[in-house]
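# Survey of secondary and tertiary structure
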Amino acid sequence: MQEKIWLSPPHMSGNEQKYIQLAFNENYIAPVGSNLTGFEKELGKYLGVPNVLMLTSGTSAIHTAMMVLGIKDGDEVIAPTFTFAACINPIIYQRAMPILVDSDQESWNMNPVLLEKAILDRIKRGKKPKAMVVVHLYGMPAKMNTIREISNRFEIPIIEDAAEALGSRHQNQLCGTLGDLSIISFNGNKIITTSGGGALISRNSQYISRARFLATQAKDDAPHYQHSEIGYNYRMSNIVAGIGRGQLEVLNERVKTRRANHDFYVNRLGNIPGITFLNEREGAYSNYWLTNMVVNPLLTDGVTRETIRLALDAANIETRPLWKPMHLQPVFAHCPAYVDGTSEQLFNDGLCLPSGSNLTEAQKERIVSAILKVIKK
Ligand SMILES: *Cc1c(COP(=O)(O)O)cnc(C)c1O
């Protein structure tokens, strides 16, 4: 058996250990310390937004954003159906109701036409949504101009889930700076990783102060432990932040490599009838966190995404179907959904290809020949 090729494995720079050693030297094995403040400052500088709060995960960052916006029991929150469950779960943590909206063909992200339709229908039924979560799936920026216009017109704030989109840009503005509150994930499979972690970002410094309070056990300003609200233990540790500092140093290189992976696959497979890729539209610059292939079996002599996935699995190459839409998940079946079949079709026909920044040329050749072998059979 040939060596395993993973979908999106961690890729260390070698600089991480220096920062971890710093934490040990200072004996700050704690959720405070110079790595934590350093990582926040350095990410803030990269993004051009100084208000950054490092947390234990992207999920806890989304949850904290919900709390900052005061989402509570009985509220409705709009979210894309085509996403990862971690993007929706925090709505339920707050006992609010997710209102699911389908994707458009050009970005695979929230379809602005269906978004407006959903908002108008919810208002007609008596409740205006309290917030909307907007995701840039696989690193591809959502249609932020239209979505921002709708957000402003209806006065519904945006929680931007840029978990997969660090380094992506919408009209030259970095993803992670486009929401009223924005989040990034440093989970093990993301473009840079701290093993686990997340960031909450906002241009509004009061939002970040409030988030810091909630994420550090909601301690009132008193010499003793005094509490008037429920808090959470959501802060990133100083050790983990050290890994983040070493990773951030190579972010630009990682974006370049992931983009080159996408170009490689498109060049080698893009001309095959029935095989398509999600490409950038004008104004969208993707970090191409993952490269995804859509297989139309009507044009490939019946070869499906599943045929290809199983053949690659047998060749010890990890791939994954695209996200299964939330409105098709048993746990979210009760949520109102404004869908038109787009995400369901992407789930049926789409495959995430190995996209790590540490893929070798030989590995990429192995992947492409394994795919060609199935299609040309
Ligand atoms: C990874 C991811 C999250 C969750 O981030 P964690 O750091 O794993 O908690 C949320 N939303 C999307 C779209 C993601 O891909």
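A short tour of the structure in this document, coming up. This structure is a prediction, so every number in the text was calculated from the model and none was measured.

## Some details on the environment of Gly 231
Note on placement: Gly 231 falls in the loop between helix H7 (205–215) and helix H8 (238–248). Looking at Gly 231, the relative accessible area reads 22%, which means it is partly exposed. Note: C-alpha distance between Gly 231 and Gln 217 (14 residues apart in sequence) is 4.0 Å. If we ignore the near neighbours within four places in the chain, the residues touching Gly 231 are Leu 214, Gln 217 and Ala 218.

## Overview of the side chain of Arg 245
Mapped onto the elements, Arg 245 comes out in helix H8. Aside from chain neighbours lying at most four places away, what touches Arg 245 is Tyr 19, Leu 22, Ser 34, Asn 35, Gly 38, Phe 39 and Glu 42.

## Side note on the pattern of salt bridges
Here the idea is simple: oppositely charged side chains can pair when their charged atoms come close. Enumeration over the complete set of coordinates arrives at 18 salt bridges. In this structure, Glu 106 and Lys 143 form a salt bridge, with 2.6 Å as the shortest nitrogen-oxygen distance. Remark: Lys 143 occurs in the loop between strand E4 (131–135) and helix H6 (144–154) and Glu 106 occurs in the loop between strand E3 (97–101) and helix H5 (112–124); sequence separation between them is 37 residues. On the basis of relative accessible area, Glu 106 is assigned to the partly exposed category, the value being 41%. As a salt-bridge pair, Arg 268 and Glu 365 come within 2.9 Å of each other at their nearest N and O atoms. On the criterion of sequence distance, the pair formed by Arg 268 in helix H9 (residues 251–269) and Glu 365 in helix H12 (residues 361–375) is long-range, its members being 97 residues apart. A residue is classified by how much of its surface remains accessible, and Glu 365, at 34% relative accessible area, is partly exposed. The network of salt bridges with common partners includes Lys 72, Asp 75 and Lys 130.

Procedures and definitions
- Residues numbered from 1 in each chain as written.
- Predicted model: local features only at pLDDT ≥ 70, side-chain atom pairs only at ≥ 80, totals over all residues.
- Heavy atoms only, no water.
- Helix = DSSP H or I, 4+ residues; strand = E, 2+ residues; numbered from the N terminus.
- Buried < 20%, exposed > 50% of the residue type's maximum accessible area, 1.4 Å probe, protein only.
- Contact = heavy atoms within 4.5 Å.
- Salt bridge = Lys/Arg side-chain N within 4 Å of Asp/Glu carboxyl O.

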